Each structure stands twice: as structure tokens, then as C-alpha cells.
Amino acid sequence: MKAELRTVKTAAELSLAESYAAAKPKLPGDGKVVALREAAFKRFDAQGLPHRRVEAWKYTDLRAMMREAKPLAGLPDAAAKARAKTAGSLLADMDARRLMFVDGVFVPELSDLAKLETGLEIRPLAQSLASGDPLLATHLGRVVPSDGDPAVTLNTALMSDGAVIRVAAGATVERPIHLVFVATAEKPVSIFTRSLAVVEKGARVMLVESHEGAAGVEHQINTALELVIGEGAHADHVKIIGGDSSMVHVSTLMAAIGARARYNDFSYTTGGSVVRNQLFLRFDGEGTLANIRGATLLKGSQHADVTMVADHAAGGCQCREVFKTVLDDKSRGVFQGKIIVRQGSQKTDAKMMTNSLLLSDEAEANQKPELEIFADDVQCGHGATSGALDENLKFYLMARGIPEKEAETLLVQAFVGDAIEGVEHAGLRDALMDDVVAWLKARGT
Amino acid sequence: MAMLEIKNLHVKVDGKQILNGLNLTVGKGEVHAIMGPNGSGKSTLAYVMAGKAGYEATDGAILLDGENVLEMQPDERAAKGVFLAFQYPMEIPGVATMTFLRTALNAQRKQRGEAELSTPDFLKLVRDAAGKLEINMDMLRRGVNVGFSGGEKKRNEILQMALLQPRLCVLDETDSGLDIDALKIVSDGVNRLRSPDRSMVVITHYQRLLDHIVPDVVHVLSKGRIVKTGGKELAHELEASGYAQFQDDAA
Ligand SMILES: Nc1ncnc2c1ncn2[C@@H]1O[C@H](COP(=O)(O)OP(=O)(O)OP(=O)(O)O)[C@@H](O)[C@H]1O
Ligand SMILES: [Mg+2]
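Residues numbered from 1 in each chain as written. Chains lettered and ligands numbered in written order. Predicted model: local features only at pLDDT ≥ 70, side-chain atom pairs only at ≥ 80, totals over all residues. Heavy atoms only, no water.

### Focus on the overall build of chain A
Helix and strand counts for chain A stand at ten helices and 19 strands. At 21 Å, chain A has a C-alpha radius of gyration in line with the 22 Å of a compact globule built from 445 residues. Projecting the C-alpha coordinates of chain A onto the three principal axes gives extents of approximately 70 × 55 × 50 Å. Counting all 445 residues of chain A, 59% fall into the buried class. Within chain A, contacts between residues separated by at least 24 positions form 84% of all contacts whose residues are at least 6 apart in sequence. A total accessible area of about 17500 Å² is found for chain A, and carbon and sulfur atoms account for 52% of it. (Helix = DSSP H or I, 4+ residues; strand = E, 2+ residues; numbered from the N terminus. Rg over C-alpha atoms; globule rule 2.2 N^0.38 Å. Buried < 20%, exposed > 50% of the residue type's maximum accessible area, 1.4 Å probe, protein only. Contact = heavy atoms within 4.5 Å. Areas by Shrake-Rupley, 256 points an atom, 1.4 Å probe, with all protein chains shown as cover.)

This is the structure in C-alpha cells:
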């Protein structure tokens, strides 16, 4: 193992260490939090940025892709807040409760904390860290141990703000909660946000995160959400990495799902120059139904990587994973999915499907579905397909008078629609479909 | 002027010569039947008329109202009035049949410089046409041809034809896979579209279809060319004697 230790650090790693050292005294949190940050940074520092020889990151060599680390974002000024106002517009018609984070900082005057539904609590993470919120003491960094994942350790070390949400047992939160993360700084910065949502027994809530940044500015975003879903709870989580931003975006979801729960997760990615979207899911109790889906549409030289681990620590859960990737120009789409079924997790019913559609000869898809099964009475499977649009289908449409572009649009819509259909909220489903159509319209000829 | 004039058509598919100097003239308002053994090139002829990629015309011309369509994209040909009822209609999961019909109809109207149809007008048009073909509206809410039986797919082809009102209809074995009742429904659908301004090329293996859709002219296609042309009685002769004589001729 000694040989793996690297003594030579990259410029990005060195400046991350400097940023951490300089920020440490100012970052929110009491003694316990300081210790948590310190341990996390040590762990990160020992391994450095992940690179292609780290199996879990082999398609997304962050060390090579991040030549330098951008300075930590400062507090947003009035102009930044003004620029942030239009963020999250894809979801404008959803009547969601918006919580606005500008350059990583919660902005109350742009957020809606009025008339919280009974049983719903929302606090900014910075405040919770500073005040020693017991919810954090119980859960922060503990929901699904990420096993030293470098993105998560770095996030823990440098987390500045985010949302802490609690939905009390039995409560139903009618309005979706929309966490709007927007990077508005005119010069590239690094932003570390961390959120925690605890959905207690039998509660119901829909959480949406959207992430976007100014076009052409190479912000570096590292964001994470820890999600605790109690027994019999019903939670929807949607993540949108959108806009025409050039950010390097690393996102992590860590979700622990209790017995007899319903969980729907949807990731939608069209933005960012480099995106790594990680989902670490653990099923802790029997009888849960989960739908984990995603749609990624890339063009130009965009690179997006969805890496998912679904760990069936308990049996008797049904989980469906469907990930669709549309790749145009010279873009590259990665899907790595692993289903783990622990010994004794009998009657697990888990199926994973990943499909890539290549709209250009120069686009590239890497798909790696895996099963690790240690129980004998299970139904598990996975599939992966990758290919161009079916010429025969295109001809059929064109033979009816539909021009080539429009025929392609219909077929691509159908391709991603398969995943988007899984979004339960009708308004969001329509908004996503409209966005797909707009994306297709904007394609170069 | 003939509506369709195919002159000395040579077509290669994957480097293989399939059509070898085919000539065919169909007058305005006429219905021509094309019969011929398996593999003789009937579907190839249908595809090359509709403009399928990979069907390379190495020589000859296909003139629609005197205009060569060989250089046109499939959608342009459709807008000019060419319609192919496929031997094997495609299933397109995720594209609702109604969306498909509407997109097609409006695309053709747009290409011809006509206004798009309003939703109520479109719905009425589809409801009327579907009713005549005994297609229920629930089926049309599904993906294009998804979960349709073989016969339902063929009926759906004729529905499209009825909606798009083409000038030249090419029917490739529309009768295959149809039960007796469906054959009647489909044939009636086709017959309703017969008009002095519309020509049809009906590809079939069976005389039975031609009892319903009575052709003006019958051709025999063998080894990539028309080897015999006659009246509707030719179909009866073929039913009795088979294709052996033509295959020998062409060899
Ligand atoms: N892609 C292809 N590559 C090579 N040969 C092909 C290809 N497509 C068709 N052919 C050949 O072309 C010939 C004509 O095929 P075609 O489908 O036109 O026949 P057909 O007359 O419609 O037959 P059937 O009555 O069985 O429908 C056949 O020998 C067939 O194998
Ligand atoms: Mg054929």
C-alpha cells in the first residue's frame, strides 16, 4: 500500500490545503464540528483528488480535470443576489417553497420560510453548525458512511452552508421544497454546500435541488445531501444540474431508507462542463419500493458521470433503476451502477437499466452496471445498451412527412421520456419534458 | 401525363443489385397490382419510392407528375404525396400515436404552405377516420403500434393513409396477417380512397385482396424487373399456375 502514497501534490491539491487552512477559523461549527472537519480533511489530504487509477473514479479523472482549485466563494453582495433571482426558473410553475443559496450562502430575503406546514422545520446549515443542532449531532456524516469518498470528505471539511430540514413523524408537506443553488460570482470560485433532511416515520415530502451557474464561468461546486427516510415515509428527491453553466460540479446523495417506505429519486443533468453525480443508497428495512431514475443530455465537450451504489442491507425491497443518457457532439457520458445485496437480504427485487443514445460519432458512453449478491433468494438483474438512433424508426417517421430533425426530436423525447415518466409530480414532469424539447431545439444542425 | 413513371430503375442494396431496369407507368386514378415471388424485389421497389436510406438507385428515374423524386428526402416525398403502407410497420415506444399523427399531418401541411390544423379539427378528423376502420381511440393513445396485433398495425397504416390523403399510395402486402373481417375493413378503407386524382400500387401475394381492391392492371415482378403485365385476370392465372414460368424466363 505504501507505493500508493503520493508525496507530490498537484497545484489544485495544494491550494485546497491552503484554502482549508485559511478558512478553518471562520468556518461555522463548535468543537465537535471542528474535529469532524479536521478528520475529513486529513483523510482527503492523504489520498488527494481522485484519479483514473481509483476504481470508483476511473472514468472521471478529477485530478486531471481540475488543474487548479478556485478560491473559496465570498459572501454574495447585493448584485450577486440580484443576479440570482431568476435561478431555478425551470420549476417556476411548481408552487414550490424556495430556499435560495447564492454562492453557497443561504439568502433569507430570497427564500420562503413563511407559514411552514405543521411538522416541518427548516434551518440554514451554518446556523445549525454554530448552535450545535442535535439533528446534526445525530446524523451529519453518519447517514450512509461514504467510506472515505474524496468528494464527501472534502465537502465535510469545507461545508459552509445548506439546508437542515426535518419533517416530523406523520407530517405531510404539501408544497415541494426547492433548494435553489446558484453560483453568481463573476470570477470562478469554489463552493461547498451540505444539506441534511430527516423525513420521519410516515411523513411525506418532496425535495428538489437545482444547481446552476453563470455561463462561461468555471465554478467548482461540491455539494452533498444526507437524507434519512423513516419507516413508512414517502419521499421524492429530484436533482437538476442545469443551465448552460461551465461549472465543475460534484454532487453526492447519501440516503438511508427505512422499512415500508416509498422513495423516488430523479436526477436530470444538462449543465456543467464536468459533472459527477453520486448516489449512495442504503435500504435498511423491508418492504420498501424505490424508483431511482435519471436523464442526462450532453453536448459540446461536456462530461457527466452518474455513479450509484444501492446497498440492500435489508431484504424484501423492490428497487428499479433507469438511467438514460443522450450524447451529442464530443460529449462523454458515464454510468456506473452497483447493486449490493447483503447476506440475509432475501427477496430483494432489484433491476437496473442504463441506456445511452449517441447522436454523434464522436460522443462516448461508458456504462458499468454491477451486481454483488450475497443472498440466494433474490431477483436481480441489470442491462446496458448503447447505440445511435434507430434508422428504421427514423425512416418510418420521415416517410410520413416528418422532417429529419423533428423525427429525431420525437425519438429522443421517447428515449428520455421513459425515465422522466417516473417523476410523480405532473407539473415537474411536464417542465422536464419541455426542457428536453428546448435542449433538442438548440442542437446544432 | 402519367402520375408515376418509373424508368429503367436499377437499385443496389448493400452492394447487391436488386432491381434491374424496372419500368412501370401508372396513370392518374389507376390501381396497379404487383405480384411476384418472395425476394423478387417488391419491397425494395416500395422502399426506393419512399426514399429509404441504403437503397441506392444506380440508374434510372422515378417520376412523380414528371418530377424525379430520387434526390428528395423521404419527408419531402411524403409532402409531395407519396405514401408507403409498410409490410412491417414499426413500433415506436414512447411516441404516442396521436402525437405522431398530428406531427405528420402538420409537417406535411407546413411543407405545402398550409396552416396547421386546430386541435378540435384534428381530433374530429382522426375520430372519423378511425371509426371507419374500427380502430378504437384508446389504441391511439398508446405508443405508435406498441402492443398492436399484426392486423391492427395494418389497419393503423390505412388510418395514416386516410388522414394524410396522399396522391400515390404504395401498399406493401397490406393484406398479410389480416383475418377475413379485417381484410374487408382494410379493403373498404382503401377503396374509399380511390379517386381520379389518386393512384395506387398494391403489392400482394394473393388474388384474394384483388377481389376486394380490384386493380386496373396487374404486373409480375421477378428478379428485379416487370416480366409480365395484364388485366385483373392475370392474378387468377397466377393463382393457378404459380411463378415458375417467370422465374425460368428471367434466369
Ligand atoms: N439489406 C439487404 N442486403 C442484402 N440483400 C438484401 C437487403 N435487403 C433486401 N435484400 C435482398 O433483396 C431481395 C429482394 O428483397 P425484397 O424484400 O424486395 O423482396 P420481396 O419481393 O418484397 O419479398 P417478399 O415477398 O418476401 O416480401 C431479396 O433477395 C433480399 O434478400
Ligand atoms: Mg416484401
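### Examining the overall build of chain B
Summing up its helical and strand segments, chain B has ten helices and twelve strands in all. Rg of the C-alpha trace for chain B: 18 Å, near the compact-globule value of 18 Å for 251 residues, within the 12% margin. Seen through its C-alpha atoms, chain B measures out along the principal axes to roughly 55 × 40 × 35 Å. Put simply, chain B has 251 residues, and 55% of those count as buried. Considering only contacts in chain B between residues 6 or more positions apart, those separated by 24 or more positions represent 69%. Accessible surface for chain B amounts to roughly 10700 Å². Of this, 47% is attributable to carbon and sulfur atoms. When the 30 basic and 33 acidic side-chain charges of chain B are each reduced to a single mean position, those positions are 3 Å apart. (Lys, Arg positive; Asp, Glu negative; His and termini not counted. Charge placed at Lys NZ, Arg CZ, Asp CG, Glu CD.)

### Thoughts on the coordination of the magnesium ion (ligand 2)
Within the first shell, the magnesium ion (ligand 2) binds the protein through Ser-43 of chain B (OG) and Gln-87 of chain B (OE1), at distances of 2.0 to 2.3 Å. Taken as a pair, Ser-43 of chain B in helix H1 (residues 42-50) and Gln-87 of chain B in the loop between strand E6 (82-85) and strand E7 (92-96) lie far apart in primary sequence, 44 residues in all. (Donors = N, O, S within 2.8 Å, 3.2 Å for Na, K, Ca; no water.)

### Brief notes about the environment of Lys-351 of chain A
Residue and element names in this part refer to chain A. Along the chain, Lys-351 turns up in strand E17 (residues 349-358). On the basis of relative accessibility, which here comes to 33%, the residue Lys-351 falls in the partly exposed class. Sequence spacing of Lys-351 and Leu-207 is 144 residues, and the spatial spacing of their C-alpha atoms is 24 Å.

### A look at the packing of aromatic side chains
Scanning all chains against the criterion turns up eleven aromatic pairs over all chains. With a centroid separation of 4.8 Å and an interplanar angle of 20°, the aromatic rings of Phe-101 of chain A and Phe-181 of chain A are classed as stacked. In this pair, Phe-101 of chain A is assigned in strand E1 (residues 97-102) and Phe-181 of chain A in strand E5 (residues 177-183), connecting sequence segments 80 residues apart. The same class applies to Phe-101 of chain A as to Phe-181 of chain A, namely buried. Considering the side-chain rings of Tyr-396 of chain A and Phe-86 of chain B, the 4.9 Å spacing of their centres and the 70° angle between planes classify their relative orientation as edge-to-face. With Tyr-396 of chain A in helix H8 (residues 391-398) and Phe-86 of chain B in the loop between E6 and E7, the pair connects residues from two separate chains. Neither Tyr-396 of chain A nor Phe-86 of chain B differs from the other in exposure class; each is buried. Taken together, the ring pairs in this structure connect Phe-395 and Tyr-396 of chain A together with Tyr-47, Tyr-55, Phe-86 and Phe-100 of chain B into an aromatic cluster. (Phe/Tyr/Trp six-rings, centres within 6.5 Å; stacked < 30°, edge-to-face > 60°.)

### Overview of the sheet that holds strand E18 (residues 364-373) of chain A
All names here are of chain A. Here nine strands make up an open sheet; going across it, the order is E3-E4-E6-E8-E10-E12-E14-E16-E18 and the pairing mixed. Each having just a single partner strand, strand E3 (120-124) and E18 make up the two edges of the open sheet. Each adjacent strand pair in this sheet contributes to an overall mean axis angle of 5°, direction not counted. In the packing of helix H7 (residues 150-158) onto the sheet, contacts are made with strand E6 (190-199), strand E8 (220-229), strand E10 (248-257) and strand E12 (274-283), and the angle to E6 comes to roughly 95°. (Pairing = 2+ DSSP bridges. Axes fitted to C-alpha atoms, helices over the stretch in contact; angles between N-to-C directions.)

### What about H1 of chain B?
A large share of H1 of chain B lies buried, amounting to eight of its nine residues. One or two steps after H1 of chain B, the chain reaches Gly-51 of chain B, where phi turns positive at roughly 95°.

### Quick look at the site of ligand 1
Residue and element names in this part refer to chain B. Lining the immediate environment of ligand 1, one finds 15 residues, of which Gly-39, Lys-42, Ser-43, Thr-44 and His-205 sit closest. Between Gln-87 and ligand 1, the recorded distance is 3.2 Å, taken from a side-chain N or O atom to an oxygen atom. Protein chains shield 67% of the accessible area of ligand 1, which is 640 Å² for the free molecule. Listing elements by their share of the shell around ligand 1, those giving two or more residues are strand E2 (16-26) and H1. Counting residues per element, the shell around ligand 1 draws most heavily on H1, which supplies three residues. Residues of the shell around ligand 1, tallied by class, amount to three nonpolar, eight polar and four charged. (Near = heavy atom within 4 Å. Polar contact = N/O pair within 3.5 Å; in protein donor to acceptor, adjacent residues only side chain to side chain. Nonpolar A, V, L, I, M, F, W, Y, C, P; charged D, E, K, R; others polar.)

### Topic: the interface of chain B and chain A
Across the boundary between the two partners, chain B contributes 32 residues, which contact 15 residues of chain A. The junction of chain B with chain A conceals about 1900 Å² of combined surface from both sides, 72% of it contributed by carbon and sulfur atoms. Applying the counting criterion to the chain B and chain A interface returns one salt bridge. When the shortest N-O distance is used, the salt bridge between Glu-157 of chain B and Arg-400 of chain A registers 2.7 Å. Across the chain B-chain A interface, the total number found is nine residue pairs in polar contact (both at pLDDT 80 or more). Of all elements in the fold, only H1, helix H2 (74-80), E6, E7, helix H3 (97-111) and helix H6 (150-164) of chain B reach the threshold of two or more residues within the side of chain B that touches chain A. Take the side of chain B that touches chain A: its biggest share by element is seven residues, from H3 of chain B. Partitioned by chemical class, the residues of the side of chain B that touches chain A number 19 nonpolar, nine polar and four charged. (Buried area = accessible area lost by both parts, 1.4 Å probe. Salt bridge = Lys/Arg side-chain N within 4 Å of Asp/Glu carboxyl O.)

### With respect to the pairing of E1 of chain A
Residues and elements named next belong to chain A. Among the six residues that make up E1, five are buried, leaving the element largely enclosed by the rest of the structure. Note: E1 against E5, six bridges, orientation parallel. Across the sheet, residue Met-100 finds its bridge partner in E5, namely Val-180. Linking E1 to strand E2 (residues 105-106), which pair antiparallel, is a turn of two residues; within it Asp-103 sits at a positive phi near 50°.

### Observations regarding the domain arrangement of chain A
All names here are of chain A. With domains assigned, chain A is organised as domain 1 (11-285) and domain 2 (390-445). Taking only C-alpha atoms into account, the centre of domain 1 sits 31 Å from that of domain 2. Of the residues lining the interface, 15 residues belong to domain 1; the matching set on domain 2 comes to eleven residues. Both faces considered, domain 1 and domain 2 share a buried interface measuring about 1000 Å² in area, 71% of it formed by carbon and sulfur atoms. When residues of domain 1 are sorted by the area they lose upon contact with domain 2, Leu-90, Phe-266 and Tyr-268 head the list and together hold 48% of the total. Connecting domain 1 to domain 2 are one salt bridge. (Domains from an automatic or database assignment.)

### Here's the deal with the pattern of salt bridges
Residues and elements named next belong to chain A. On inspection of all chains with the given rule, the structure shows 42 salt bridges over all chains. Here Asp-61 and Arg-52 are joined by a salt bridge, their closest N and O atoms 3.7 Å apart. In this structure, the salt-bridge partner of Glu-231 is Arg-260, at a minimum N-O distance of 2.9 Å. You can see Glu-231 sitting in the loop between E8 and strand E9 (234-241) and its partner Arg-260 sitting in the loop between E10 and strand E11 (262-269), a full 29 residues away along the chain. Note on Glu-231: relative accessible area 36%, which makes it partly exposed. Salt bridges here are not isolated pairs; linked through shared partners, they connect Asp-328, Glu-391, Lys-394, Glu-404, Glu-408 and Arg-443.

### Comments concerning the side chain of Glu-209 of chain A
Residue and element names in this part refer to chain A. Positionally, Glu-209 belongs in strand E7 (residues 204-213). No salt bridge forms around the buried Glu-209; measuring N to O, its nearest opposite-charge neighbour Lys-239 is 4.3 Å away. A polar atom in the side chain of Glu-209 sits 2.6 Å from the side chain of His-237. Apart from the residues lying within four places of it in its own chain, the contact partners of Glu-209 are Leu-179, Phe-181, Leu-225, His-237, Val-238, Lys-239 and Ile-240.

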